[in-house]
Number of protein chains: 2
Amino acid sequence: MFSGAQVSLYPMADDFVRIILGSLSALDPYRERFRIETDDISTLLVGPPEELFPAMRDLHVAASRNSVHCVLHATVSRGCPGEPDDPICTPIGNRSTEMPLGRRIDGALRAATGATRIGQDVAAQLSLYPLGAGHHMDEIYGCIDFLKRSGVFGKSKNFCTTLRGDAGPVFATLSEAFLRFGSPEGHLALDLTVSANSPTAR
Amino acid sequence: MFSGAQVSLYPMADDFVRIILGSLSALDPYRERFRIETDDISTLLVGPPEELFPAMRDLHVAASRNSVHCVLHATVSRGCPGEPDDPICTPIGNRSTEMPLGRRIDGALRAATGATRIGQDVAAQLSLYPLGAGHHMDEIYGCIDFLKRSGVFGKSKNFCTTLRGDAGPVFATLSEAFLRFGSPEGHLALDLTVSANSPTAR
């Protein structure tokens, strides 16, 4: 199993370099458990799948301080057959993803709805891609059913679903979407955008 | 068939609103052939698959004027079984995507390498997701083979491939990746990031 994300931060401000560099210490609590590599387009995080979304949450909240309009984009992946197994990616818990879809939705709802609030409102947009499976639309529709009942559902749009609310429950819901859907050992990708402090009307 | 993209622009500047609004006229030549809807996270473009990447190119180049560090992100899709057929998405040409992989790579190379240069350097990062097919990794590896020979190949990274060069050939190469790979009538998604004027060393 290989799990990780290519993550980018986009602070819409002249001093974007200072904002990005100033937010990186938010990753310090995770560094021991992640491999982290940066270039001019994105930062690679490779590590346990359960830690990816908490790490991205803390990074995005840090970069969105002082009301900066800041977007995080991530290409998140697990089980890509083109990547080597890596012990650093060993799941921390046992999420029993072999369970039937209905029980996985219930488990995701239980896990996501108790998330601690952070005090930063965000809007998120995600597309889930279960790859190589015969029934990818069943998993996508099951995930959308979970998202609609998550308490932070925004709306369905073409190609994606939006979530709105406090960064705590929103990132917890995103994490469950990533961990509970698609084949347990299969290839799953997630295209994620999270926006804070947008001046645009919804 | 349904084809389109959720597109976002991220100018890293205090006057990002003015920059975004000032770039929208670049879409004028395409408006007649596209359905366009905007909210606070992204702008939906629905229309012929061959026009998507030229429209995104012109939008991104317009927003990157005056050396602004500007990123475009797009969630691009065709053939999603959850979307209705739409006459506006009828392909303009006949690309014979039923051909064997090797011939499609040759066709993509012929189409992409003659692209007109625009005078704006960009770095792009893409992940291609052929969904619901039995051999999704064959199509992904075929597409990567094309990208490596495209003349604008950057490097392979975990979960994605990067391209570098003038916006003309780079977006032409991205368009061919979207049009020529995956099952012709199947569900294909592409997660795309394009960056201009980054101050970060590669």
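Residues numbered from 1 in each chain as written. Chains lettered and ligands numbered in written order. Predicted model: local features only at pLDDT ≥ 70, side-chain atom pairs only at ≥ 80, totals over all residues. Heavy atoms only, no water.

Participant: Sorry, what's going on with helix α4 (residues 136-148) of chain A here?
Facilitator: For an α-helix the count is 3.6 residues per turn, leaving residues at separations of three or four pointing the same way. End to end, α4(A) covers 18 Å across 13 residues, agreeing with the expected 18 Å (1.5 Å per residue, within 8%). Those residues of α4(A) not exposed but buried are A:His136, A:Met137, A:Glu139, A:Ile140, A:Gly142, A:Cys143, A:Phe146 and A:Leu147. (Helix = DSSP H or I, 4+ residues; strand = E, 2+ residues; numbered from the N terminus. Expected span 1.5 Å × (residues − 1). Buried < 20%, exposed > 50% of the residue type's maximum accessible area, 1.4 Å probe, protein only.)

Participant: Would you take a moment to explain the packing of helix α2 (residues 49-63) of chain B against helix α5 (residues 167-180) of chain B for this structure?
Facilitator: How two helices sit against one another is set out by the angle between their axes and by the gap between those axes. Residues and elements named next belong to chain B. Close contact between α2 and α5 brings their axes to 9 Å; oriented N to C, the two are set at 150°. In terms of orientation, α2 lies roughly antiparallel with respect to α5. Handedness of the α2/α5 crossing: right-handed. Contact with α2, carried on its side by Pro49, Glu50, Leu52, Phe53, Met56, Arg57, His60 and Val61, involves Ala167, Gly168, Phe171, Leu174, Ser175, Phe178 and Leu179 of α5 and no other residues of that element. Looking at side-chain class alone, the contact of α2 with α5 contains 10 nonpolar, three polar and two charged residues. (Axes fitted to C-alpha atoms, helices over the stretch in contact; angles between N-to-C directions. Parallel < 35°, antiparallel > 145°, perpendicular 65-115°, else oblique. Left-handed = near helix turned anticlockwise from the far one by under 90°. Contact = heavy atoms within 4.5 Å. Nonpolar A, V, L, I, M, F, W, Y, C, P; charged D, E, K, R; others polar.)

Participant: Can you walk me through the environment of B:Ile41 in this structure?
Facilitator: Structurally, the position occupied by B:Ile41 is in the loop between β2 (35-38) and β3 (43-46). Sequence separation of B:Ile41 and B:Cys89 is 48 residues, and the distance between their C-alpha atoms is 23 Å. In contact with B:Ile41, other than residues within four places in its own chain, are A:Ala123, A:Ala124, A:Gln125, A:Lys157, A:Thr162, A:Arg164, A:Thr193 and B:Ser8.

Participant: When you look at the state of the cysteines in this model, what are you seeing that I'm missing?
Facilitator: Two cysteines, two sulfur atoms, one covalent bond between them: this is a disulfide. Residue and element names in this part refer to chain A. Following the criterion strictly, the structure yields zero disulfides over all chains and no others. You can see Cys143 has no disulfide; the closest cysteine sulfur is in Cys160, sitting 13 Å from it. Residue class for Cys143 comes out buried when judged on its relative accessible area of 2%. (Disulfide = S-S within 2.5 Å.)

Participant: Mind showing me how you'd approach the sheet that holds strand β2 (residues 35-38) of chain A here?
Facilitator: Strand pairing in a sheet is mediated by backbone hydrogen bonds. Such pairs are either parallel or antiparallel. Residues and elements named next belong to chain A. Strand order in the open sheet formed by eight strands is β2-β3-β1-β4-β8-β5-β7-β6, with antiparallel pairing between adjacent strands. Both outer strands of the open sheet, β2 and β6 (153-157), are each paired with one neighbouring strand and no more. The mean angle between the axes of side-by-side strands here comes to 20°, regardless of whether they run parallel or antiparallel. Note that β2 and strand β3 (residues 43-46) share four bridges and pair antiparallel. If you follow Arg35 over to β3, its bridge partner there is Val46. (Pairing = 2+ DSSP bridges.)

Participant: Can you help me understand empty space enclosed by the protein in this one?
Facilitator: Leftover empty space is mapped by rolling, across the atoms, a probe with the size of a water molecule. Per the counting criterion, the structure on display carries two cavities of 30 Å³ or more. Looking at the largest cavity, the residues that line it are A:Gln6, A:Ser8, A:Tyr10, A:Ile41, A:Ser42, A:His73, A:Thr75, B:Gln125 and B:Thr193. Taken together, the elements giving at least two residues each to the lining of the largest cavity come down to β1 (3-11) and β4 (70-78) of chain A. Here the element with the most residues in the lining of the largest cavity is β1(A); it accounts for three residues. (1 Å grid on protein atoms, 1.4 Å probe; cavity = no way out; pocket = protein on both sides within 12 Å on 5 of 7 lines; lining within 4 Å. Points joined across faces, edges and corners; volume = space filled by probe spheres on them.)

Participant: In this structure, what is going on with the sheet that holds strand β7 (residues 160-166) of chain B? I would like to understand it.
Facilitator: Residue and element names in this part refer to chain B. Spatially, the eight strands line up as an open sheet ordered β2-β3-β1-β4-β8-β5-β7-β6, and their pairing is antiparallel. Only two strands of the sheet have a single neighbouring strand rather than two, namely β2 and β6 (153-157). Strand-to-strand twist of the sheet, defined as the mean angle between neighbouring strand axes without regard to direction, takes the value 20°. In the sheet, β6 pairs with β7 via four bridges, with the strands oriented antiparallel. Each residue of the ladder has a partner; that of Ser156, found in β7, is Thr161.

Participant: Which parts of the structure should I look at to understand the packing of aromatic side chains?
Facilitator: Tallying each qualifying case throughout the model produces 10 aromatic pairs over all chains. Relative to B:Tyr10, the ring of A:Tyr10 has its centre 4.8 Å away and its plane inclined at 15°; by these criteria the two rings are stacked. On the criterion of chain membership, the pair formed by A:Tyr10 in strand β1 and B:Tyr10 in strand β1 (residues 3-11) is interchain, its members lying in two chains. Exposure remark for A:Tyr10: the relative accessible area of 3% places this residue in the buried category. Sitting over the face of the ring of A:Phe178, A:Arg78 holds its NZ or CZ atom 5.8 Å from the ring centroid. (Phe/Tyr/Trp six-rings, centres within 6.5 Å; stacked < 30°, edge-to-face > 60°. Lys NZ or Arg CZ within 6 Å of the ring centre and 35° of its normal.)

Participant: I'm lost on the pattern of salt bridges in this one. Help?
Facilitator: When the charged atoms of two side chains with opposite charge come close together, those side chains can pair. Evaluation of the coordinates by the stated rule reveals 24 salt bridges over all chains. Two residues, B:Asp15 and B:Arg18, come together in a salt bridge whose shortest N-O distance is 2.7 Å. Two residues, B:Glu37 and B:Arg35, come together in a salt bridge whose shortest N-O distance is 2.7 Å. What makes B:Glu37 partly exposed here is its relative accessible area of 40%. It is possible to trace a salt-bridge network through shared partners that takes in A:Asp39, B:Lys155 and B:Lys157. (Salt bridge = Lys/Arg side-chain N within 4 Å of Asp/Glu carboxyl O.)

Participant: How do you make sense of the interface of chain A and chain B when you look at a structure like this?
Facilitator: When the parts of a complex come together, some accessible area is lost, and that lost area is often used as the size of the interface. Listed as interface residues are 54 residues of chain A and, on the opposing side, 55 residues of chain B. Between chain A and chain B the total buried area reaches about 4,500 Å² when both faces are included, carbon and sulfur atoms providing 62% of it. Considering only the side of chain A, the residues that lose the most area to chain B are A:Asp40, A:Ile41 and A:Phe159, jointly responsible for 17% of the buried surface there. Our count for the chain A to chain B interface comes out at six salt bridges. When the shortest N-O distance is used, the salt bridge between A:Asp39 and B:Lys157 registers 2.8 Å. For the side of chain A that touches chain B, the elements supplying multiple residues, two or more each, are β1, α1 (16-23), β4, β5 (121-131), α4, β6, β7 (160-166) and β8 (187-196) of chain A. Considering every element that reaches the side of chain A that touches chain B, the biggest residue donor is β5(A), with seven residues. Across the side of chain A that touches chain B, the residue classes tally to 26 nonpolar, 19 polar and nine charged. (Buried area = accessible area lost by both parts, 1.4 Å probe.)

Participant: Please explain α5(B) as it appears in this structure.
Facilitator: Residue and element names in this part refer to chain B. Between the first and last C-alpha of α5 there are 20 Å, a value that for 14 residues agrees with the 20 Å anticipated at 1.5 Å per step. For α5, the N-terminal capping position is held by Asp166, with its side-chain oxygen 2.8 Å away from the main-chain nitrogen of Gly168. Just downstream of α5 lies Gly182, where phi reads positive at about 85°. (Polar contact = N/O pair within 3.5 Å; in protein donor to acceptor, adjacent residues only side chain to side chain.)

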